[in-house]
Each structure stands twice: as structure tokens, then as C-alpha cells.
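# Architecture at a glance
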Amino acid sequence: MPVRVRDLLPRDLPACTWSGSATHLRHVARALERAEAGEVDYLAVCTPVDLPVAIGGVDYQVAAGAGTLWQLAVVPALQSRGLGTLSIRAAEQRIKGRGLHRAALAVEEDNPRARALYTRLGYTAYGRAPDGWDEEGPDGSIRRHETMCVLMRREL
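The following refers to the structure shown. Here the structure is a predicted model, which is why all the values come from computation and not from measurement.

## Let's talk about the packing of aromatic side chains
Counted under the stated rule, the structure contains 2 aromatic pairs. Plain terms: the ring middles of Tyr-42 and Trp-70 are 5.6 Å apart, the flat faces sit at 75° to each other, and that makes the pair edge-to-face. Of this pair, Tyr-42 sits in strand β2 (residues 40-46) while Trp-70 is found in strand β4 (residues 67-74), placing the two residues 28 residues apart along the sequence. Judged by relative accessible area, Trp-70 falls into the partly exposed class, the value being 24%.

## A closer look at the state of the cysteines
One pass over the full model with this rule turns up 0 disulfides. Distance from the sulfur of Cys-16, which forms no disulfide, to the nearest cysteine sulfur (Cys-46) is 8.0 Å.

## Structural notes on the pairing of β4
Remember that side chains alternate between the two faces of the sheet whenever the strand is regular. Sheet topology places strand β3 (residues 52-59) next to β4; 5 bridges connect them, and they run antiparallel. Across the sheet, residue Ala-54 finds its bridge partner in β4, namely Val-74. With 3 bridges connecting them, β4 and strand β5 (residues 102-108) associate as parallel partners. Of the residues in β5, the one forming a bridge with Thr-68 is Ala-104. What joins β4 to β5 is helix α2 (residues 83-97), and the crossover it makes is right-handed.

Calculation rules
- Residues numbered from 1 in each chain as written.
- Predicted model: local features only at pLDDT ≥ 70, side-chain atom pairs only at ≥ 80, totals over all residues.
- Heavy atoms only, no water.
- Phe/Tyr/Trp six-rings, centres within 6.5 Å; stacked < 30°, edge-to-face > 60°.
- Helix = DSSP H or I, 4+ residues; strand = E, 2+ residues; numbered from the N terminus.
- Buried < 20%, exposed > 50% of the residue type's maximum accessible area, 1.4 Å probe, protein only.
- Disulfide = S-S within 2.5 Å.
- Pairing = 2+ DSSP bridges.
- Right-handed = clockwise from strand over helix to strand, strands pointing away.

Written as C-alpha cells, this is what we have:
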């Protein structure tokens, strides 16, 4: 299936419920506001009918001299078809387009599939750090998700 990469837009959010809860989508909406200010890029891999099937951001405020990839997601039924790789490579191009030469990310230790993808794409682990975010349960309740992440980076 042919796809194209473009900026994620606020009008896309209703079609991105596969990527997370309403709470998650509110965080994405805030990231899109930051994109307008030039602090982040938020990308969408879209089908020929312009539906996002993979999304992810690059935050330029986290680490000096690097773009930090975050909130990377692919429609579950379309995983392992190259969309994650395409999304990451497009994000790396955005980073290079800003004159930066390093990409960084954090991946949960209990997500070996994602870590294998990042390793295959040339990312190397350089440390660990705790992370956490609010998650919305099926009943609408909010709980804090705490996790340990592997920090990875790649020179571009």
C-alpha cells in the first residue's frame, strides 16, 4: 500500500484513537500546539485516502543538540510492515533538517519488539531512566504508569 509522510494535524486526531486513550490524544493535541511554536515536529504516515496509520513526534527541547523521538505508534494490525521504520527515518530527516546530528529516544525495558527495531535502525543503548505518564482506564479513571526505560541514540 502506498503511503506518504506529512505533519500530523489537529483534524487527524479523531482518526488516531488506535494510538491511545482520550487522555493520550489530549497530550498529542498539546504537542501539536508546541509544533506550531517550532518546539516539536509531529508526523503522520498516511494511506492514499489520507488516514494516519503511524504517528510520532520529535521534541527539540529535551536534549541539547538532538531531536528526541517520542510517542511513536503504528496501527496494531499494520505493525511489522515497515511503517515504524518509515516514520523513524522521516523523523530523522526532520532532525537533520534542523542542523542537528543526533536522534535520541527512550523505550520501555519490557518492550523488546520496539527495542529490536531501534537497534536494527542503528540506535545504541547508553543508559536507563525511570519515566511515567498518566493512563486512562476503560472506565475513564486516570492512573500513573511508572516504568523503566532504556535510553538509546543514533548519530545522523
